[in-house]
Amino acid sequence: MIAAVRRLISGPALGLLIVDAAGVVVLAAAAPAFLSTYNLFVTGRDFSIVLLVALAQMVVLALGQMNLSVGAIGGLVAIVESDLMVRYGVSIGVSIAAGLGVGLLAGVINGLLVHWTRINSFILTLGTSYVFAGINLGLTHATPFYHLPGPISGFGQARTGPFPHMALVTLLLTVALVFFLARIVSGRQILAVGSNRRAAELSGLPIARSVVLAHAISALLAAVAGTMLMAQLGQGQPTIGATWILPSFAGPIIGGASLSGGTAPVLGTVLAVGLVSLIDDGLVLVNANPYWVQFLIGALILVGVMIGRLRVAGVRGFLRLARDGKEVGHDAVRSEPTAAIGGRRQ
Amino acid sequence: MAAVTETSPGVLGGGRIWGTAGLRTVSLLALLIVTAGFWIFFAAFARGFLSDFNLFGLFRFAAIGILIGFAQMVVLSIGDMNLAVGAVGGAAGMFAGWLMAMGLPVLLAALLGIALGCALGLCIGLLIRVTGLNSFIVTLAAASLITGALLILTQARPFSSLPASLTDFAQVELPGTPISSFLVVMLLIGLGLFIVYRNTSLGREMLAIGANRRAALMSGLAVGRVVLLTHLLSGLLASVAGVMSIAANNTASPGLGSDWVLTSFVAPAIGGTLLSGGLVSVFGTVIGGILVATLGSGLLLIGVDNFWLELCLGVVLLLAVGLDRLTRTVGGATE
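Quick caveat, the model's predicted, so the values are computed rather than measured.

A. Layout of the overall build of chain B. Scanning chain B from N- to C-terminus turns up 14 helices and 0 strands. In sequence order, the secondary structure elements of chain B are arranged as α-α-α-α-α-α-α-α-α-α-α-α-α-α. Considered along the principal axes of its C-alpha atoms, chain B spans approximately 55 × 55 × 35 Å. The buried share among the 335 residues of chain B stands at 56%.

B. Fine view of the overall build of chain A. Tallying secondary structure elements over chain A gives 15 helices and 2 strands in all. Here chain A, with 346 residues, has 54% of them falling under the buried criterion. Intrachain contacts of chain A at a sequence separation of at least 6 include 79% that bridge at least 24 residues.

C. Region of interest: helix α4 (residues 70-86) of chain A. The first and last C-alpha atoms of α4(A) sit 24 Å apart over 17 residues, in line with the 24 Å expected at 1.5 Å per residue. Burial of α4(A) is extensive: 15 of the 17 residues sit out of reach of the surface.

D. Structural context of the environment of Leu295(B). Mapped onto the elements, Leu295(B) comes out in helix α13 (residues 282-301). Considering only alpha carbons, one finds Leu295(B) and Arg24(B), 271 residues apart in sequence, at a separation of 23 Å.

E. Structural context of the confidence of the model for chain B. Averaged over every residue, the pLDDT of chain B is 87; the share at 70 or more is 92%. Two numbers describe this predicted complex: its pTM, 0.88, and its ipTM, 0.85.

F. Seen up close, the confidence of the model for chain A. All names here are of chain A. For chain A, the average pLDDT comes to 87, and 89% of its residues sit at 70 or higher. Least confident of the elements in chain A is helix α15 (residues 331-340), whose mean pLDDT is 34; most confident is helix α11 (residues 207-233), at 97. pLDDT under 50 marks residues 325-346. Its contacts with residues more than four places away, or in other chains, come to 63 contacts.

G. Focus on unusual backbone geometry. You will see that Asn287(A), though not glycine, has its phi angle at about 60°, which is positive. Considering the arrangement of structural elements, one finds Asn287(A) in the loop between α13 (266-285) and α14 (292-323). Judged by C-beta crowding, with 8 C-beta atoms within 10 Å, Asn287(A) ranks as exposed. The backbone of Gln155(B) shows a phi angle near 55°, a positive value even though the residue is not glycine. Mapped onto the secondary structure, Gln155(B) falls in the loop between α6 (135-154) and α7 (164-171). For Gln155(B), a count of 9 C-beta atoms within 10 Å translates into the label exposed.

About the criteria used
- Residues numbered from 1 in each chain as written.
- Chains lettered and ligands numbered in written order.
- Predicted model: local features only at pLDDT ≥ 70, side-chain atom pairs only at ≥ 80, totals over all residues.
- Helix = DSSP H or I, 4+ residues; strand = E, 2+ residues; numbered from the N terminus.
- Buried ≥ 20, exposed ≤ 12 C-beta atoms within 10 Å, placed from the backbone.
- Contact = placed C-beta atoms within 7 Å.
- Expected span 1.5 Å × (residues − 1).
- pLDDT = per-residue confidence, 0-100.

Take a look at the structure:
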């Protein structure tokens, strides 16, 4: 309990929580439609999907790597599933299992290739994202699969009051991820490898397994997100995932993740994605130009990261670091979100 | 193959200069052979591949793609990344298009567009320098800010009534050849970059910083200034590509540049530029960009479904990077 409180105060989570709460209050006051059941449902549904995309990136960032193919995997999975259901009439369960299997396989391929070739994960997953997106387009010829089975589209619209049933999936996966990263040996090992690969190697940790596992989990989360977006749209759109790169990085980065690895700020990511969803919804509700979303996400990333650094280094330290031209970047922020997940000691 | 020695990474990265230079020659030669192989294949099997019309389009497309690759390459050379190449190029192109639609002379409008690109590059460099934040994060945010601002300001409307003299320039070719004026501009810029990296202290400093930023800092290099200049240069290159694109497309549309970010890495990566910095190949980027354009044009002509092009690009990128990695590992010149 004390650890949880300390975690909340030390990371960007507390600040984000306050901003989120303020956002809810302001929105509720400015636009009464915000609290309408349907609006909460729609916002919650978007949030559930984007959060999975952000967590998919966060898991790989924890390793100190990147996954540019989250969107391509999400899109490919949605297409495989809808293709099986619509063109081949395969049952829903089997189709989704096959789709998630394809996603998992894609992640394992990413992980194995990154580990074997030692090619920078950025460029490698860029390459595989072309391959996955290419297979998607080759299968669909850029035309969507319409007329998904009723239960699928039904699930996309299902809700209890304002609570989208999809959110249940996201909630379960998020809790499982927290538990995995905080309490399971393999999860701790991913963070250890991300924190200091060489030390992890010398301590005899299974590097290969950690790398493949992180990429596999990332791909699986992206696959579930793709499946949920397909259900929400009610059709297998080949463009699913095409715009996921920015949100996938925005969530973890605003939430306090370090690009150099070793951190997994799940709570910060949840709150950051929540803030982005609030902004998105707020702009719609006040009839503002929807393009402000992109602008504001950019501003949020910069401001969030700078506040994080200021808090750690203090104004003087911040300016000194900057003057020296050191690219400490997130490293300065790194010590605390690392401790965020259960206070790792080695 | 003088291009190979241009960076002499061994001086900066420590040891094995001969082995590295030799291996890089082999890698570049392999890339050249593969590209030539595709040309022969398409010349034999793709009807119309060697027609003036097709080659003109191919070269023009390649020239713009290579410039975008250059914009990424210079930033990679100092070990940074620029995820805002598309946003900056798009903003420069849109600004130039808007000025032209307002009736400004074409040349002045184009120069002002490029000036905006330089200014944006400078802002990005300043932001990185002042905050000391990772370039990935700063340029990710900057791309989002610039694109957002662009869409808000233009209301996502294109400027399509561009002056004839601009679109005419896009149609100019060297007399008697299918070589686009854009290709000539790109080659001149490439030559300039080659000279910068080979013969100027700025180029040397960029590579030194890319090879080992801490060592460069300790050696008293003005790291902050070089980072600033490099991002300015990247903005310049991206905005030239942006202005060329509106000339080639005959319209300045707000979607301009939205698909540049990922492709900007492809030509440098295929050409052997390291993502970790300290090693660039101007020549390799040119060939890499030509290979990409060749695949796009040739596959379309032989009737391979256009949709499989992305797949081919991905495979070529992975193979090229993997091969590069392999030759360097075999040569014992890694890390």
